[in-house]
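# Observations on chain architecture
What follows is the residue order along each chain.
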Amino acid sequence: MAGVMDSTDAPQLIEHIHKSVAFTPFDVKWVPCSARFLVVGTTPRNQGAFQVIEMQRGEENVVLESEKPSGIKCCTFGASSIEDRHVACGDFAGQLNIWDLERPEVNLFSAQAHAGIVNCIDGIGGMGIGYGAPEIVTGGRDGCVRVWDPRVPEPVVSLEPEDETARDCWAVTFGNSFNDDDRSVAMGYDNGDVKLYDMRAQAMRWETNVGNGVTSCAFDRKDIEMNKLIVTTLESKYKLFDVRTQHPEEGFSALSERAHKATVWLAKHLPQNRDIWVTGGGNGGLNIYKYHYPTSRTTQHKDGHLAGQMGEVELLNSRVISTQPVVSFDWSPDKEGLACMACLDQTVRVMLVTKLHKY
């Protein structure tokens, strides 16, 4: 159960910049090693909106604006080197495209990734995070999850539904990339299924169902041995799994929390402290949480195997920012407490979260 917060010494959520945009934003990401962030979305004419905003002395300036053929649903810099700053985007036509921010009209890579919308995307192997080759994972409305190496035109892994009644894949994320061989993909579906695929073994390692459609999933770190996995869902819930210890029958231990009194759209761990995370809600609110580990992370199961043991979650602070859902949030990897976010009221915001160093 989340502990009761003491707001006097809690992290404060301060709105630094508030900017209206002429399109519906779906994703925001910081441009690596810069004071700029990318906003992608859909214009009223169903074209792709692609905008880079730079912060200068407390003000925001649009330094790059480009229109793409199809609305853009998701983006990631995760498979790019810090020097190149190539962004991979998934769109409403099922295309996966990679663009260079310096020359956004030039398509560096393009593939028909899915039969419908590319709902979600993640990257690894770039940004100095994770080992091994740069790879991108996409999840689509067609129920498929595909892993791409930008150096080859075909997917290196394609996980397709076994029957015709395919469930929408709403969330994908990389993790467990702590050496050149190991890498895993976690994926969540609209019926509540959560699956963990081991890319080294080329096999599904674990499956469960969380009861409600999965809106996002995230490891607390991608470049360490799997530690915690957070899964957010419809019906104002999220679930935290301890993925360090897997019991052969029971799987991973977990705890559930209620938040926002609305859909929990996302959860993002603070890059500088993996035990702090933010959730974004359908009520337009942000919640900041901290995880407290138990005295012992494992316990002896009655069958003799080790099973994971959960700690406690503390709610540090919460604030309603917008009247519409928070659909994207990205912590700055360079500046602790700096974040950008997008809401469905056609606004993007830059937030400052204070006092995080105290935790």
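Residues numbered from 1 in each chain as written. Predicted model: local features only at pLDDT ≥ 70, side-chain atom pairs only at ≥ 80, totals over all residues. Heavy atoms only, no water.

## Some details on the overall build of the chain
Convention followed: Helix numbers and strand numbers start at the N terminus; a helix is a DSSP run of H or I with at least 4 residues, a strand a run of E with at least 2. Our radius of gyration is a C-alpha quantity, and the globule rule it is checked against amounts to 2.2 Å times the number of residues to the power 0.38. Computed with the Shrake-Rupley method and a 1.4 Å probe, the accessible areas treat only the protein chains shown as cover for residues. Charge counting treats Lys and Arg as positive and Asp and Glu as negative, with His and both chain ends excluded. One atom stands in for each charge, and that atom is NZ of Lys, CZ of Arg, CG of Asp or CD of Glu.
Per the secondary structure count, the chain includes zero helices and 30 strands. Compactness check: the chain gives a C-alpha radius of gyration of 19 Å against a globular reference of 21 Å for 359 residues, within 12% of the reference. Oriented by its inertia axes, the alpha-carbon framework of the chain measures out at about 60 × 50 × 35 Å. Split by element, the accessible area of the chain, about 15,100 Å² in all, is 46% carbon and sulfur. For the chain, the distance from the average site of its 35 positive side-chain charges to the average site of its 48 negative ones is 5 Å.

## With respect to the sheet that holds strand β19 (residues 228-233)
Stated formally: Two strands pair under a simple rule: DSSP has to find at least two bridges between them. Axis lines are fitted through C-alpha atoms, for helices just across the contact stretch, and the angle between N-to-C directions can take any value from 0 to 180 degrees.
The four strands are arranged β18-β19-β20-β21 in an open sheet whose pairing can be described as antiparallel. Only two strands of the sheet have a single partner each, and these edge strands are β18 (214-219) and β21 (251-258). Averaged over all adjacent pairs, the angle separating strand axes in this sheet is 20°, with direction ignored. As judged from the seven bridges shared by strand β20 (residues 237-247) and β21, these two strands associate in the antiparallel manner. Looking at β21, one finds that K237 is bridged to R258.

## Let's talk about the packing of aromatic side chains
Using the following cut-off: Here is the rule: rings of Phe, Tyr and Trp (six-membered ring for Trp) pair when centre to centre is within 6.5 Å. Planes less than 30 degrees apart are stacked, more than 60 are edge-to-face, and the remainder are tilted. Accessibility here uses a 1.4 Å probe with only protein chains present; expressed as a share of the type maximum, an area under 20% marks a residue as buried, one over 50% as exposed, and anything in between as partly exposed. By the criterion adopted, a ring carries a charge over it if an Arg CZ or a Lys NZ lies within 6 Å of its centre and within 35 degrees of its normal.
Applying the stated rule across the entire model yields 11 aromatic pairs. Residues W206 and F241 carry aromatic rings whose centres are separated by 5.1 Å and whose planes lie at 75° to one another, so their mutual orientation is edge-to-face. Placement of the pair is W206 in strand β17 (residues 203-209) and F241 in strand β20, with a sequence separation of 35 residues. Classification of F241 by relative accessible area gives buried; the value is 3%. Relative to Y289, the ring of Y238 lies with its centre 5.3 Å away and its plane at 65°, an arrangement referred to as edge-to-face. With Y238 in strand β20 and Y289 in strand β24 (residues 285-292), this pair connects stretches of sequence that are 51 residues apart. Residues Y238 and Y289 agree in their burial class; the two are buried. Put simply, the rings of W206, F241 and F252 touch in pairs and so form one group of aromatic residues. Note that R183 overlies the ring of F174, its terminal NZ or CZ placed 5.9 Å from the centroid.

## Section: the nonpolar core
Worth spelling out the cut-off: To qualify as a nonpolar core, a set must consist of buried Ala, Val, Leu, Ile, Met, Phe, Trp, Tyr and Cys residues joined through side-chain atoms within 4.5 Å. Residue contacts are defined here by distance: any two heavy atoms, one from each residue, within 4.5 Å place the two residues in contact.
Counting 18 residues, the largest nonpolar core has L286, I288, F329, W331 and M341 as its most contacted members. Elements supplying a minimum of two residues to this core: β22 (264-270), β23 (273-281), β24, β28 (326-331), β29 (338-343) and β30 (347-353). Apart from residues no more than four positions distant in its own chain, I288 is found in contact with L13, I276, W277, V278, E314, L315, L316, N317, W331 and V353. Core analysis: the next-biggest nonpolar cluster, separate from the first, contains 16 residues, V39, I53, L338 and C340 among them.

## Things to note about the pairing of β23
Of all nine residues making up β23, eight are buried, and the element is well covered by its neighbours. Bridge count between β22 and β23: six bridges; the pairing is antiparallel. Within β23, the residue paired with L266 across the bridge is G280. Counted between consecutive antiparallel strands, the loop separating β22 from β23 contains two residues. In terms of strand pairing, β23 meets β24 through five bridges, oriented antiparallel. Bridge pairing links V278 to I288 in β24. In textbook terms, the turn of a hairpin is the stretch between consecutive antiparallel strands, and for β23 and β24 this stretch comprises three residues, one of which, G284, has a positive phi near 80°.

## Focus on the sheet that holds β17
If you walk across this open sheet you meet the four strands as β14-β15-β16-β17, and the pairing is antiparallel. Edge strands, defined here as strands with exactly one partner in the open sheet, are β14 (169-175) and β17. Neighbouring strand axes in the sheet, compared pairwise and without regard to direction, differ in orientation by 15° on average.

## Let's talk about a negative patch on the surface
Let me state the cut-off plainly: Like charges are joined within 9 Å and nonpolar side chains (Val, Leu, Ile, Met, Phe, Trp, Tyr) within 5 Å, but only among residues with over 30% relative accessible area and no salt bridge; these make up the patches. Within this document, salt bridges are pairs made up of a side-chain nitrogen of Lys or Arg and a carboxyl oxygen of Asp or Glu, the two lying within 4 Å of each other.
A contiguous patch of negative charge, built from E162, D163, E164 and E207, is present on the exposed surface. Among the secondary structure elements, E207 is positioned in strand β17.

## Overview of unusual backbone geometry
The bulk of non-glycine residues show a negative phi, and the bulk of peptide bonds are trans. One non-glycine residue with positive phi stands out, namely Q202, at about 55°. Tracing the sequence through the fold places Q202 in the loop between β16 (193-198) and β17. When its relative accessible area of 47% is taken as the criterion, Q202 is described as partly exposed. In this structure, K261 is a non-glycine residue whose phi angle is positive, near 55°.

## Comments concerning the pattern of salt bridges
In the structure shown here, the tally under the stated rule is 16 salt bridges. R349 is the salt-bridge partner of E15, the closest N and O atoms lying 2.9 Å from each other. Pair noted here: E15 is in strand β1 (residues 13-20) and R349 is in strand β30, with a separation of 334 residues, a long-range link. Classification of R349 by relative accessible area gives buried; the value is 4%. We note a salt bridge from R146 to D142, for which the minimum N-O separation is 3.9 Å.

## So, the side chain of H260
For clarity, the cut-off: Pairs of N or O atoms within 3.5 Å make up the polar contacts considered here, provided that, within protein, one atom can donate a hydrogen while the other can accept it, and that residues adjacent in sequence are counted only when both atoms are side-chain atoms.
In this structure, H260 sits in the loop between β21 and β22. Residue classification places H260 among the buried positions, given a relative accessible area of 9%. Polar contacts involving the side chain of H260 include one to the side chain of T279, which spans 2.8 Å.

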